Amino acid sequence: MSVVWPHRVNLLCTRRKVIGLLGGIATFFAAVYSHYLYGYRLVYYEQYGDHFCVMESGTYLAFIEEVFTYVDLMLYSVLPFTCLLIANSVLIWKLRASVRETRQKFTQGHNSEQTEARQKMTQSVTLTVIFVSVAFIILTLPSALFHIIYYVAALMRSTSVYDRAEATLINAVTFSLMFTNNAVNFYLYCLTGRRFREEFLSVICCRSVATSSPGRALPVSEQNSSERSSRR
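Just so we're clear, the structure is a prediction, and the values are computed from it rather than from any experiment. (Residues numbered from 1 in each chain as written. Predicted model: local features only at pLDDT ≥ 70, side-chain atom pairs only at ≥ 80, totals over all residues. Heavy atoms only, no water.)

### Here's the deal with a nonpolar patch on the surface
We count it as follows: To count toward a patch, a residue needs a relative accessible area above 30% and no salt bridge. Like charges then connect within 9 Å, nonpolar side chains (Val, Leu, Ile, Met, Phe, Trp, Tyr) within 5 Å. Here the Shrake-Rupley method, with its probe set to 1.4 Å, supplies the accessible areas, and only the displayed protein chains count as covering residues. Should a side-chain nitrogen of Lys or Arg be within 4 Å of a carboxyl oxygen of Asp or Glu, the pair is scored as a salt bridge. Helix numbering and strand numbering both begin at the N terminus, where a helix is a DSSP run of H or I of at least 4 residues and a strand a DSSP run of E of at least 2. Relative accessibility decides the category of a residue: with a 1.4 Å probe and only protein chains considered, values under 20% of the type maximum give buried, values over 50% give exposed, and everything between is partly exposed.
Taken together, the side chains of Phe-186, Tyr-187, Tyr-189, Phe-196, Phe-200, Leu-201, Val-203 and Ile-204 present a nonpolar region at the surface, about 750 Å² in accessible area. Of all elements in the fold, only helix H6 (161-192) and helix H7 (194-204) reach the threshold of two or more residues within the nonpolar patch. Ranked by residues supplied to the nonpolar patch, first place goes to H7 with five residues. Looking at where Val-203 falls in the secondary structure, it is placed in helix H7. Val-203 sits in the exposed class, given a relative accessible area of 59%.

Written out as structure tokens, the structure reads:
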């Protein structure tokens, strides 16, 4: 939003609107996944000497198999990935447009320093968003797909010890990948983003890093503001 509408971001992103949006998202997902609270019940098995969660009825099992696994796939993996892909594509497009505008502006004056700085920033951001987007879909999609296959193939009703052990192992691996997505972004930013690495080292080493320099480009919103101010 700050990239597309840099001069309206303060009006569009107020504290009240952000709190309302986050509250709406939390309420929506709580309502969608609330069926787990009443769809399962605790049953005591004497042969195991412990309680286990089992589904209330065959109707609820059919709902999970035929409806909710696909809803979960869309909400947890496909929809976030689509939003991430669209937002990152817009960001890359605006950055590349800024580089082209700067290159045309300084062609006659042979001042390529700012153009090179913006081009380096564009390449760094492009690499970062590609890594983040690919990592998201790779780490979240297997878990959602496994649950669809799990129910479609009726593995949960299989009496084979081997089938259940195999399903349990795959479930553990896909869940590990899913939770890895919540921790991997920091390392991806450090790996692909020079600015991020510099800021991180400045915090760890307690040193200051200049916010702008001849060899460092400003964010797109600041670039647009400064260029408009210079034209006035």
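### So, the confidence of the model for the protein
Rules: Confidence scores here are pLDDT values: one per residue, from the predictor, ranging 0 to 100. Whether two residues are in contact is decided by their heavy atoms: any pair within 4.5 Å suffices.
Across the protein, the average pLDDT comes to 75, with 73% of residues at or above 70. Below pLDDT 50 for its whole length, residues 211-232 participates in 35 contacts with residues either more than four positions away or in separate chains.

### Points about the packing of aromatic side chains
Selection criterion: Whether two aromatic rings pair depends on their centres lying within 6.5 Å, for rings of Phe, Tyr and Trp, where Trp uses its six-membered ring; planes under 30 degrees apart make the pair stacked, over 60 edge-to-face, and the rest tilted.
Under the criterion given, the structure shown has 14 aromatic pairs. Residues Tyr-60 and Phe-63 carry aromatic rings whose centres are separated by 6.1 Å and whose planes lie at 35° to one another, so their mutual orientation is tilted. Taken together, the residues span about one helical turn, with Tyr-60 and Phe-63 both in helix H4 (residues 58-105) at a distance of three residues. Residue Tyr-60 is classed as buried on the basis of its relative accessible area, which comes to 9%. A ring pair is formed by Phe-63 and Phe-68, whose centres lie 6.0 Å apart and whose planes are at 35°; its orientation type is tilted. By relative accessible area, which is 32% here, Phe-63 ends up partly exposed.

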